[in-house]
Amino acid sequence: MAVIRLDMTMSLDGYVAGPDDGVGEPMGVRGGRLFNWLDRRNDPGPSGQVYAEAMATRAVIAGRRTYEHAGRWQGDHHDGVPVFVLTHDVPDEAPPGSVRYVTDVHECASLAREAAGDGDIMVHGAGAAQALLRAGQIDELELHVVPVLLGQGRRLFDHLPAEHIELRLIRRLATPESTEPAQHAMHLRYRVHGK
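Here goes a summary of the coordinates provided. Computed from a prediction, not measured in an experiment: that's the story for all the values here.

Calculation rules
- Residues numbered from 1 in each chain as written.
- Predicted model: local features only at pLDDT ≥ 70, side-chain atom pairs only at ≥ 80, totals over all residues.
- Heavy atoms only, no water.
- Buried < 20%, exposed > 50% of the residue type's maximum accessible area, 1.4 Å probe, protein only.
- Helix = DSSP H or I, 4+ residues; strand = E, 2+ residues; numbered from the N terminus.
- Contact = heavy atoms within 4.5 Å.
- Expected span 1.5 Å × (residues − 1).
- Polar contact = N/O pair within 3.5 Å; in protein donor to acceptor, adjacent residues only side chain to side chain.
- Salt bridge = Lys/Arg side-chain N within 4 Å of Asp/Glu carboxyl O.
- Pairing = 2+ DSSP bridges.
- Axes fitted to C-alpha atoms, helices over the stretch in contact; angles between N-to-C directions.

**Considerations on helix H1 (residues 46–55)**
And step 1. Within H1, burial applies to Pro46, Ser47, Gly48, Val50 and Ala54.
And step 2. Considering only its buried residues, H1 is in contact with strand E1 (4–11), strand E6 (121–124), strand E7 (140–146), strand E9 (167–174) and strand E10 (186–192).

Written out as structure tokens, the structure is:
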């Protein structure tokens, strides 16, 4: 069965975007710093490996906010894979490309699993991540932790209920020390306990 994996870059203090993020500035003020590790996405090594794995996923689940801030990925996140946008309200206009709006978190996960077959599913966005975690639908978390403290912005896990979600570290990949410090990241993959 397909694995639903949250794939997010975050600062050491848990932010996925700087303050004042929006369509005009999707990563917020100084939030672009979180993605310097992607400068190494085509190189051999950890950053290239995790990027290639993300681009090999067979479906994407995204929150509406993330989807809109990313310019709707022009209707194609990568390779024409189905994109399921978790939203409270379905817009009147039809979505572009392989995008489909879904209002129920369980239905969204089910549709993505069906579309991905035996492949993996990538999840983007703090809102979608929190909704899927609350619903018990995330199997793994791939967190790209960047050694910077943003101090403010949008946190990845701000609105979860006060209950424990146990995780087990199943992989840790570090950017080599010889890499430019601004491109460093620790790539951590966790399995949700019981999955």
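More follows now that the structure is in view.
**Structural notes on helix H3 (residues 105–116)**
And step 1. For H3, which comprises twelve residues, the first-to-last C-alpha distance of 16 Å matches the rise-based estimate of 16 Å (1.5 Å per residue) to within 8%.
And step 2. Taken as a whole, H3 has its buried residues at Val105, Cys108, Ala109, Leu111, Ala112, Arg113 and Ala116.
And step 3. Residues of H3 that are buried make contact with E1, strand E3 (59–63), strand E4 (83–86), strand E5 (99–102), E6 and helix H4 (126–134).
And step 4. The positive-phi residue at the C-terminal boundary of H3 is Gly117, with phi of around 60°.

**With respect to the side chain of Arg171**
And step 1. Tracing the sequence through the fold places Arg171 in strand E9.
And step 2. Of note is the side chain of Arg171, whose polar atom sits 2.7 Å from the side chain of Glu53.
And step 3. Excluding residues within four positions of it along the chain, Arg171 makes contact with Gln49, Val50, Glu53, Glu142, His187, Leu188 and Arg189.

**With respect to the pattern of salt bridges**
And step 1. This structure, assessed with the given rule, holds 15 salt bridges.
And step 2. The salt bridge partner of Asp139 is Arg113, with a shortest N-O separation of 3.1 Å. Of this pair, Asp139 sits in the loop between H4 and E7 while Arg113 sits in helix H3; the two residues are 26 residues apart in sequence, bridging distant segments of the chain.
And step 3. Of the residues examined, Arg113 reaches a relative accessible area of 14% and is grouped as buried.
And step 4. Because the salt bridges share partners, they merge into one network encompassing Arg5, Glu53, Asp120, Glu140, Glu142, Arg171, Arg189 and Arg191.

**Some points on the sheet that holds E7**
Sheet strands pair by backbone hydrogen bonding; their relative direction is either parallel or antiparallel.
And step 1. Read across the sheet, eight strands follow the order E5-E4-E3-E6-E1-E7-E10-E9 without closing on themselves; strand pairing throughout is mixed. If you trace the sheet from one side to the other, it starts and ends with E5 and E9, each paired once. Geometrically, the sheet is characterised by an average inter-axis angle of 25° between neighbouring strands, direction not taken into account.
And step 2. For E1 and E7, the ladder comprises seven bridges, and the chain directions are parallel. Each residue of the ladder has a partner; that of Met8, found in E7, is Leu143.

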